[in-house]
Amino acid sequence: MFPPDILLPGPTPVPYTIEQAMLTPMSDHRGGAFQPIHDAVYEKLRTLFQLPADGAAAVVPSSGTGMLEAAVQNFFGPGDRVLAVVTGGFGERFAEAASAMGLAVDRLSTDWGQAFAVEAVLERCRTTSYRGILVTHNETSTGVTNPVEALADALGTEETRPLLIVDSISGVPSIPLSMAPGNIDVLIAASQKGFMCPPGLGILLANGRALAARPHQRQGRFYFDLAPYFERQLPYTPAVSLWYGLNQALDLLLAEGEQARLARHRLLAAMTRRFGEAAGFPPLVEERFASCTVTALGLPEGMTPQALRSALAARGLQIAGGMGPWAQRCIRIGHVGAVTPQALFGGLGILAQLAPHPEAGLLAAWEAWRQHERP
Ligand SMILES: Cc1ncc(COP(=O)(O)O)c(C=O)c1O
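Just so it is clear, the structure is predicted and the values come from calculations on it, not from any experiment.

So, the overall build of the protein chain
Then comes step 1: Check the secondary structure of the protein chain and you find 13 helices and 13 strands.
Then comes step 2: Dimensions along the principal axes, computed over C-alpha positions, put the protein chain at roughly 60 × 55 × 35 Å.
Then comes step 3: Within the protein chain, counting contacts between residues at least 6 apart in sequence, those at least 24 apart form 72% of the total.

What follows is the structure, given as structure tokens:
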């Protein structure tokens, strides 16, 4: 078990067995030692996300943003009209990536701290014909989880429905999402959050419908052309050590299981929220929209995020600040990936030293933990 020294919404703590796997000696990535790892990672990803046989995955040396860019480059062509559903800073980034790649981007924006309403998206789709809808599953800038599965359901199964492209970089696999038929079309993730690895791998899964809808011309993409990856080729040198780590991470994820993992993250969110309410760091997001991987907490009068974060860093704890319009309003506690209730409680203990009501906060977090139902 690791000390609670980072409670960030990425990078997240790396379990010891993953660190060890990443020390595997280098070998020819086109040779006999690496091939079984390569195949195993793709098979385990398929299992983890219930990816149908006609779907495919791509694991690419990149941060998450590279995969957002790859998604718009590979599934759309210049001039294609898409709806970008923007619920915060990362939704805005996805929209910007699409504009930069020459797509015609309409935005549907909510206030910060709100989730999108499925009906509002459907309404836009009734009046305009879109090739795709870009959504953020878990908006890390605010700590809001959006109803992407409800949206997928509501869009129906007609072949003409827009492609539903989901940035779940801070969501999956801590918050499970499925690629089962009729659900989302493209799922984007990255190694440094729920996958418990260091930064450096972008992960993208696409169903058969999305693969078939790709434009044929290759103009406008080169390094991020995902076609070879979908054929399980390695066009360029892979991040070999990270692949070993990801292979081990997938074993840990499959062993814990989806229900237990979701229950653990719900507990972590409840502990953080109850702590914040009682300690004097009021949560900024309504509970019905609240993410179970990152929580934005408001600050007591007169305290700035910068001062609080520096004081915590001096005590050995790193948390995130606010972003965009919330930069001066909040801190963000990340509880994504391998974080345990024990590690979180340790971190909250440090945060309590700077809280208006330390004892009340810790007791409330403790109560949330004690009341937790086992999955
Ligand atoms: C929802 C979301 N999208 C995109 C990104 C960008 O990922 P990266 O920083 O790996 O490029 C992040 C990173 O925090 C994120 O949380």
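Focus: the site of the ligand
Then comes step 1: Surrounding the ligand, one finds G10, S63, G64, T65, F90, T136, T140, D167, I169, S170 and A190.
Then comes step 2: By residue class, the composition of the shell around the ligand is three nonpolar, seven polar and one charged.

Thoughts on the nonpolar core
Then comes step 1: Ranked by size, the top nonpolar core spans 123 residues in total, and within it A98, V186, L187 and L204 carry the most contacts.
Then comes step 2: Looking at this core, you find at least three residues from each of domain 1 (16-256) and domain 2 (258-370).
Then comes step 3: Apart from residues no more than four positions distant in its own chain, A98 is found in contact with V72, V82, A84, L103, V105 and L134.

A short note on unusual backbone geometry
Then comes step 1: With an omega dihedral of -5°, the bond running from G10 to P11 counts as a cis peptide bond.
Then comes step 2: Here P11 lies in the loop between strand 1 (6-7) and helix 1 (16-21).
Then comes step 3: That bond from V172 to P173 is cis: its omega, -10°, falls within 30 degrees of zero.
Then comes step 4: In this structure, P173 sits in the loop between strand 8 (163-167) and strand 9 (186-190).

A word on helix 4 (residues 89-100)
Then comes step 1: Along its 12 residues, helix 4 runs 16 Å from first to last C-alpha, staying within 8% of the 16 Å computed at 1.5 Å per residue.
Then comes step 2: Within the span of helix 4, buried status applies to F90, G91, F94, A95, A97 and A98. For helix 4, the angular spread of the buried residues around the axis is 155°, confining them to a single face.
Then comes step 3: In the core, the buried residues of helix 4 are packed alongside helix 3 (64-75), strand 3 (81-86), strand 4 (104-109), strand 5 (132-136), strand 6 (138-139) and strand 8.
Then comes step 4: Looking at the residues trailing helix 4, positive phi occurs at G102, about 90°.

Points about the sheet that holds strand 12 (residues 318-321)
Then comes step 1: Spatial strand order, 1-12-13-11: four strands in an open sheet with mixed pairing. Each edge of the open sheet is held by one strand with a lone partner, namely strand 1 and strand 11 (294-298).
Then comes step 2: For strand 1 and strand 12, the ladder comprises two bridges, and the chain directions are parallel. When the sheet's bridge partners are listed, L7 is paired in strand 12 with I319.
Then comes step 3: The strands touched by helix 10 (residues 258-279) are strand 11 and strand 13 (330-334); relative to strand 11, the strand with the most contacts, the crossing angle is about 0°.

Remarks on the environment of W112
Then comes step 1: Position of W112 among the secondary structure elements: in the loop between strand 4 and helix 5 (118-127).
Then comes step 2: In this structure, the C-alpha to C-alpha distance between W112 and S141, residues 29 residues apart in sequence, is 8.6 Å.
Then comes step 3: The residues touching W112, leaving out its near neighbours within four places in the chain, are G88, T142, P325 and W326.

Overview of the pairing of strand 10 (residues 201-206)
Each regular strand carries side chains that alternate between the two faces of the sheet.
Then comes step 1: Among the six residues in strand 10, six count as buried, and that is most of the element.
Then comes step 2: As paired strands, strand 2 (residues 56-61) and strand 10 are joined by six bridges and run antiparallel to one another. Pairing of A57 across the sheet is with L205, part of strand 10.
Then comes step 3: Looking at chain direction, strand 9 and strand 10 are connected through five bridges and run antiparallel. Pairing of L187 across the sheet is with L205, part of strand 10.

Let's talk about the domain arrangement of the protein chain
Then comes step 1: Annotation of the protein chain at the domain level lists domain 1 (16-256) and domain 2 (258-370).
Then comes step 2: For domain 1 and domain 2, the distance between their C-alpha centroids amounts to 28 Å.
Then comes step 3: At the junction of the two partners, domain 1 supplies 22 residues and domain 2 supplies 23 residues.
Then comes step 4: Partitioned by chemical class, the residues of the side of domain 1 that touches domain 2 number seven nonpolar, 13 polar and two charged.

Description of the sheet that holds strand 8
Then comes step 1: The seven strands are arranged 2-10-9-8-5-3-4 in an open sheet whose pairing can be described as mixed. Since the sheet does not close on itself, it has two edges, and those belong to strand 2 and strand 4, each with one partner. Put simply, the sheet's adjacent strands are angled 20° from each other on average, direction ignored.
Then comes step 2: Lying on the sheet, helix 5 is in contact with strand 3, strand 4 and strand 5; it crosses strand 4 at an angle near 145°.

Rules used throughout
- Residues numbered from 1 in each chain as written.
- Predicted model: local features only at pLDDT ≥ 70, side-chain atom pairs only at ≥ 80, totals over all residues.
- Helix = DSSP H or I, 4+ residues; strand = E, 2+ residues; numbered from the N terminus.
- Contact = placed C-beta atoms within 7 Å.
- Near = placed C-beta within 6 Å.
- Nonpolar A, V, L, I, M, F, W, Y, C, P; charged D, E, K, R; others polar.
- Core = buried A, V, L, I, M, F, W, Y, C linked by C-beta atoms within 7 Å.
- Buried ≥ 20, exposed ≤ 12 C-beta atoms within 10 Å, placed from the backbone.
- Domains from an automatic or database assignment.
- Expected span 1.5 Å × (residues − 1).
- Arc of directions from axis to C-beta.
- Pairing = 2+ DSSP bridges.
- Axes fitted to C-alpha atoms, helices over the stretch in contact; angles between N-to-C directions.

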